[in-house]
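# Analysis of the macromolecular model
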Amino acid sequence: MIKVSNLKKSYKNNPVLKDISFHVDEGEVVAIIGPSGSGKSTLLRCLNFLEKPNEGHIEIGGVSVDTTKAAKKEIHQLRLQTSMVFQHYNLFKNLTALKNVAHPLRVTKKLDKKKAEEIGRRLLEQVGLSNKADHYPISLSGGQQQRVGIARALAVNPNAILFDEPTSSLDPEWVGEVLRVISGIADKDKTMIIVTHEMNFAREVADRVIFMDDGLIVEQGTPEEVFDYPANDRTKKFLRDYQRQITGKTDNKNEKFAIV
Amino acid sequence: MNFDFKYMFEIIPELLTYVAVTLYIAIASMIIAVIIAIFLSLILVNRIPVLHQLALIYISFFRGTPPLVQLLMIYFGLPQLLPSFNSITAMTAAILAFSLNVSAYLAEIFRAGLESVDKGQAEAALTTGMTYPQALRSIILPQAARNAIPATGNTFLGLLKNTSLAFTIGVTELLAQGKLLATATLHFFEAYMAVALIYWGLTALYSWLQSWYEKKISKAYVREV
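Residues numbered from 1 in each chain as written. Chains lettered and ligands numbered in written order. Predicted model: local features only at pLDDT ≥ 70, side-chain atom pairs only at ≥ 80, totals over all residues. Heavy atoms only, no water.

### Some points on the confidence of the model for chain B
- Averaged over chain B, the pLDDT score is 93; the fraction of residues at 70 or greater is 99%.
- Here the predicted complex scores 0.83 on pTM and 0.90 on ipTM. (pLDDT = per-residue confidence, 0-100.)

As structure tokens, then:
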């Protein structure tokens, strides 16, 4: 479904992605974890060319792009394969919740208003926001805005959905409702890549966990493999630091990171 | 005090017929200026090479020189450089000069308006499969326009008053007619006061219309209680 090979990206002379190769199978949910500045978000944003990679190959849903010589049309084709949920929601502020979901359908799939809004209402219902359809983003809470963002990403029915730290800018009280909605989608066999700082959530929802550090994929495996039996020292250190931050203590005895 | 109120009010109806000329110059210039400024601001925001530098020089020149000088250059100077402008009427020259002058101010206002729409919304539009022009039309421009409306309105008020400069090249608009009446009757203060009152009325009316419109379109951005 998604195949990335030898992806490289640097800003000026500062390499952010050093040589990234990985694949995601159809219906698979992959969580990318790692310290801040490790390149997780940049990797995600390279997949839809919000950042232009310097080198490497990206293949998503049958569209294959050599990033060194990608034409405008190829980039557009690649973007049609995925949709994205953003850390800061990025809702269209001049449109109601319903139109946020329906408008892209009218523009990109040329659906008429009635059909687009029918799909919009169905998806708002799925994320539990039927009663907010006519509200503008400014009168929605962070959690509600992010759920509209998820509905918008679902609406274009892409091959895969990319989540870029979907709960990182939410007040703690709204995190749960957003994670529940994402879990609900994961159960429906959607292919997803989720960059997240929520380790519990990653463990629960992901089929596979990728740990990134310093522009490289350091380790990957099932959640049990990565969280309970990390092989790499950098993974161990990251998880230990994370646990210390969450609980204030580490479980030194068996070095397991069963986060509660 | 020698001030003839009766005369002042008597000439107002006659002067009002020239408001049409003033409004025609102002509105025509504004429309052309808006079109030029949209292109200039898109060049500025997207930093298109070469055009970007040219746009900056254009803006700097038209903002950095007096509108009266620009008007004289266009009406008297252009025909000398380009013979095809020989038959340019004073009215056309005035509209052209004001369009160029105002477009320079509007370009900066529109640029700021475009930049006030956070980049994330354009990115989100791209990730749903929209192209940049599509995102521009339905998401970015409507919000940029809303942010730019107060400053654009101020510029229009300035233009409305500056149209009086057109009388220096012989366009018979509101001020020119006032001057005509003033010198014919020697009621200088009354005539110019009447002219001033009409400009004041026009700008007050426009300000009222604008604040009504601003309220109307900011519905999406005000939290519902």
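### Some remarks on the packing of helix H8 (residues 174-185) of chain B against helix H9 (residues 188-217) of chain B
All names here are of chain B.
- Look at H8 against H9: their axes get within 8 Å of each other, and the N-to-C directions meet at 160°. The orientation of H8 relative to H9 falls into the category roughly antiparallel. Here the hand of the crossing between H8 and H9 comes out right-handed. Along its contact with H8, which presents Leu174, Leu175, Gly178, Lys179, Ala182 and Thr183, the element H9 presents Phe188, Ala191, Tyr192, Val195, Ile198 and Tyr199. (Axes fitted to C-alpha atoms, helices over the stretch in contact; angles between N-to-C directions. Helix = DSSP H or I, 4+ residues; strand = E, 2+ residues; numbered from the N terminus. Parallel < 35°, antiparallel > 145°, perpendicular 65-115°, else oblique. Left-handed = near helix turned anticlockwise from the far one by under 90°. Contact = heavy atoms within 4.5 Å.)

### A look at the UniProt feature "domain: ABC transporter" (unreviewed entry) in chain A
- Feature annotation in UniProt places "domain: ABC transporter" (unreviewed entry) on residues 2-239 of chain A, given in this structure's numbering.
- Structurally, residues 2-239 of chain A comprises 38% helix and 26% strand, and the distance from its first C-alpha atom to its last is 27 Å. (UniProt positions renumbered as here; feature names shortened; annotations may be inferred.)

### Considering helix H3 (residues 97-108) of chain A
- Counting buried positions over the twelve residues of H3(A) gives nine, a clear majority of the element.
- Three or more residues of H3(A) are buried, namely Ala97(A), Leu98(A), Asn100(A), Val101(A), Ala102(A), His103(A), Pro104(A), Leu105(A) and Val107(A).
- Next to the buried residues of H3(A) lie helix H4 (113-126) and helix H5 (142-155) of chain A together with helix H7 (132-162) of chain B.
- Residue Lys110(A) follows H3(A) closely and has a positive phi angle near 55°. (Buried < 20%, exposed > 50% of the residue type's maximum accessible area, 1.4 Å probe, protein only.)

### Some details on the UniProt feature "domain: ABC transmembrane type-1" (unreviewed entry) in chain B
- The positions UniProt marks with the feature "domain: ABC transmembrane type-1" (unreviewed entry) are residues 19-210 of chain B.
- Taken end to end, residues 19-210 of chain B comprises 82% helix and 0% strand; its first and last C-alpha atoms sit 19 Å apart.

### A word on the sheet that holds strand E4 (residues 55-60) of chain A
Residue and element names in this part refer to chain A.
- One open sheet accounts for four strands, arranged E2-E1-E4-E5; its pairing is antiparallel. Only two strands of the sheet have a single partner each, and these edge strands are strand E2 (14-24) and strand E5 (63-66). Across the sheet, the mean angle from the axis of one strand to that of its neighbour is 15°, orientation sign disregarded.
- Sheet topology places strand E1 (residues 2-11) next to E4; five bridges connect them, and they run antiparallel. Across the sheet, Ile2 pairs through a bridge with Ile60, a residue of E4.
- Here helix H2 (residues 72-79) sits on the sheet in contact with E4 and E5, set at roughly 135° to E5. (Pairing = 2+ DSSP bridges.)

### Here's the deal with the UniProt feature "transmembrane region" (unreviewed entry) in chain B
All names here are of chain B.
- With numbering aligned to this structure, UniProt lists the feature "transmembrane region" (unreviewed entry) at residues 15-43, 55-76, 88-107 and 189-209.
- Structurally, residues 15-43 is divided into 93% helix and 0% strand, and its ends, taken at the C-alpha atoms, are 42 Å apart.
- Regarding residues 88-107, the helix share stands at 90% and the strand share at 0%, and the terminal C-alpha atoms are separated by 26 Å.

### Some details on the packing of aromatic side chains
- Overall, the coordinates contain seven aromatic pairs over all chains when judged by the stated rule.
- Look at Phe211(A) and Phe238(A): their rings are 5.2 Å apart centre to centre, the planes differ by 40°, and that puts the pair in the tilted class. Linking Phe211(A) in strand E9 (residues 208-213) with Phe238(A) in helix H9 (residues 233-247), this pair joins segments that are 27 residues apart in sequence. Like Phe211(A), the residue Phe238(A) is buried in the burial classification.
- Ring centres of Phe61(B) and Phe62(B) lie 5.1 Å apart, and the angle between their planes is 90°; on these two criteria the pair is classed as edge-to-face.
- Looking at Phe61(B), the relative accessible area reads 37%, which means it is partly exposed.
- Site record: aromatic cluster; members linked through ring pairs are Phe3(B), Phe5(B) and Phe189(B).
- Lying across the ring of Phe92(A), Arg152(A) places its NZ or CZ 4.6 Å from the centre. (Phe/Tyr/Trp six-rings, centres within 6.5 Å; stacked < 30°, edge-to-face > 60°. Lys NZ or Arg CZ within 6 Å of the ring centre and 35° of its normal.)

### Focus on the pattern of salt bridges
- As enumerated under the stated definition, the model contains 16 salt bridges over all chains in all.
- The partner of Lys8(A) in a salt bridge is Glu55(A), with the nearest N and O atoms 3.7 Å apart. Here Lys8(A), found in strand E1, pairs with Glu55(A), found in strand E4; they are 47 residues apart in sequence, far enough to count as distant.
- The exposure class of Lys8(A) is partly exposed, given its relative accessible area of 28%.
- Glu55(A) sits in the partly exposed class, given a relative accessible area of 39%.
- The salt bridge partner of Asp214(A) is Lys18(A), with a shortest N-O separation of 3.0 Å. Taken as a pair, Asp214(A) in the loop between E9 and strand E10 (216-221) and Lys18(A) in strand E2 lie far apart in primary sequence, 196 residues in all.
- Residue Asp214(A) is classed as partly exposed on the basis of its relative accessible area of 41%.
- With relative accessibility at 29%, the residue Lys18(A) sits in the partly exposed group.
- Linked by salt bridges that have partners in common, Arg45(A), Glu51(A), Lys119(B) and Glu123(B) make up one network. (Salt bridge = Lys/Arg side-chain N within 4 Å of Asp/Glu carboxyl O.)

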